[in-house]
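Per-entry structural report
So the chains spell out like this:
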Amino acid sequence: MKGTRDRAVAHRPTVAVALGSGGARGIAHVAALEAFDDMGIRPVAIAGTSMGAVIGAAYGAGMEAREIRSHILTVLRKRSNVVANLLRARVGRFADLVLRGRGNPVLLDPEILLELFWPPGMPKAFEDLAIKTIVVATNYSERNEAVFQSGPLTAAVAGSMAIPGLFRPVESAGGLLIDGGAVNPLPYDHLFGLADIVIAVDVTFGGRSRARRAPAPVASMFGAAQIMQGAITAEKIKRRAPDVLVRPKVESFGLLDFFRSGQILRAAEPMKEELQAAIISQLKTARTA
């Protein structure tokens, strides 16, 4: 009897999840991870880009999704503390720009910022994570995708989230790293072969814009990046789609709407039931195959 039960457990379908880029919209990934926790499902692998890498690494470290939710809401509750942390992560000073013509007083160091906002006690290396985690960044020097699943964790995740114009690039042994959304906004392709069921959470999809006026320069820059990321993801899905694709309804939020984290999480709630139903369907199919 025990042997039969052990064989059933051994053949239980495995699940892996990809969390994509999208700035503040990526907070919605927490709701997807809560769906796994509520079902008692532990992914065997996580792949993340940009904000998806930030949240994916925290989950990969062994945190429960509700702990991540609580941490995000706590950190962002006091704007004065957030502003203080942003100032600490600032690369240059206004004097550098005005007097010396160099530096950028707005540009942030993503490694410093990540350490300031990540939950305390985060592992320093991929090898110390509880779940296999893959982080995707863009190698600006080589003009290609940079994939990390071993070695220092902070530099890889910081590079993955280093949005040009907002963060300075992260130096690595292979070159300069910038936002992974430039090459692979939804890195589910790195999970094929690692699990029976590959799930992707896409927060870049926003449908058609309702804006009638020309956007501000910064908004147009970030909007153009999201259009590009959506186009890359659409082409990937045409070639080979994940087993499950969910898109939380967060298109009304901007890339930098971090102070609306509570609203983003509420908007993502309906996606949890959709995801759970899709997982149950996939598990039944996998078991009968």
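Owing to the predicted nature of the structure, the values given are computational and were not obtained by experimental measurement.

**Looking at the overall build of the protein**
Secondary structure summary: the protein contains ten helices and eight strands in total. Within the protein, buried positions represent 46% of all 289 residues. Of the contacts formed within the protein by residues at least 6 apart in sequence, a portion of 76% connects residues at least 24 apart. When the accessible surface of the protein is totalled, it reaches about 14700 Å², and 54% of it is carbon and sulfur.

**Describing the pattern of salt bridges**
Overall, the coordinates contain 13 salt bridges when judged by the stated rule. Between Arg-168 and Asp-109 there is a salt bridge, with its nearest N and O atoms 2.8 Å apart. With a gap of 59 residues between them, Arg-168 in the loop between α8 (153–160) and β5 (170–172) and Asp-109 in the loop between α6 (94–99) and α7 (110–117) connect regions that are remote in the sequence. Look at Arg-168 and you get partly exposed, because its relative accessible area is 35%. Accessibility expressed as a relative area gives 8% for Asp-109, which makes it buried. Bridged by salt links that share partners, the residues Glu-34, Asp-38, Arg-66, Arg-69, Glu-269 and Lys-272 form one connected network.

**A look at the side chain of Thr-49**
Along the chain, Thr-49 turns up in strand β2 (residues 45–49). Judged by its relative accessible area of 0%, Thr-49 falls in the buried class. At 2.9 Å, the side chain of Thr-49 forms a polar contact with the backbone oxygen of Asn-184. The residues contacting Thr-49, other than those within four sequence positions of it, are Leu-19, Gly-20, Ser-21, Val-136, Ser-160, Gly-180, Gly-181, Asn-184, Pro-185 and Pro-187.

**Section: the packing of aromatic side chains**
One pass over the structure, following the stated rule, counts one aromatic pair. Taking 5.8 Å as the distance between ring centres and 85° as the angle between the ring planes, the aromatic pair formed by Tyr-188 and Phe-192 counts as edge-to-face. Take Phe-192: its relative accessible area is 22%, and that puts it in the partly exposed class. If you follow Arg-143 out to its NZ or CZ, it ends over the ring of Tyr-140, 4.5 Å from the centre. One residue, Arg-240, lies across the ring of Phe-192, its end atom 3.6 Å from the ring centre.

**A word on the packing of α7 against α8**
Axis separation between α7 and α8 bottoms out at 9 Å; the angle between their running directions is 110°. On the basis of their axis angle, the class for α7 and α8 is roughly perpendicular. For the pair formed by α7 and α8, the contact residues are Pro-110, Glu-111, Leu-114 and Glu-115 on the first element and Thr-154, Ala-155, Val-157 and Ala-158 on the second. Its residues assigned to classes, the contact of α7 with α8 shows five nonpolar, one polar and two charged.

**Describing the packing of helix α2 (residues 29–39) against helix α3 (residues 51–60)**
Two elements in contact, α2 and α3, have axes separated by 10 Å at closest approach and are oriented at 30°. As far as their axial angle goes, α3 and α2 are roughly parallel. The two elements α2 and α3 meet at a crossing, and its hand is right-handed. Residues His-29, Val-30, Leu-33, Phe-36 and Asp-37 of α2 form the contact with α3, whose own contacting residues are Gly-52, Ile-55 and Tyr-59. Tallied by class, residues from the contact of α2 with α3 come to five nonpolar, two polar and one charged.

What counts, and where the lines are drawn
- Residues numbered from 1 in each chain as written.
- Predicted model: local features only at pLDDT ≥ 70, side-chain atom pairs only at ≥ 80, totals over all residues.
- Heavy atoms only, no water.
- Helix = DSSP H or I, 4+ residues; strand = E, 2+ residues; numbered from the N terminus.
- Buried < 20%, exposed > 50% of the residue type's maximum accessible area, 1.4 Å probe, protein only.
- Contact = heavy atoms within 4.5 Å.
- Areas by Shrake-Rupley, 256 points an atom, 1.4 Å probe, with all protein chains shown as cover.
- Salt bridge = Lys/Arg side-chain N within 4 Å of Asp/Glu carboxyl O.
- Polar contact = N/O pair within 3.5 Å; in protein donor to acceptor, adjacent residues only side chain to side chain.
- Phe/Tyr/Trp six-rings, centres within 6.5 Å; stacked < 30°, edge-to-face > 60°.
- Lys NZ or Arg CZ within 6 Å of the ring centre and 35° of its normal.
- Axes fitted to C-alpha atoms, helices over the stretch in contact; angles between N-to-C directions.
- Parallel < 35°, antiparallel > 145°, perpendicular 65-115°, else oblique.
- Nonpolar A, V, L, I, M, F, W, Y, C, P; charged D, E, K, R; others polar.
- Left-handed = near helix turned anticlockwise from the far one by under 90°.

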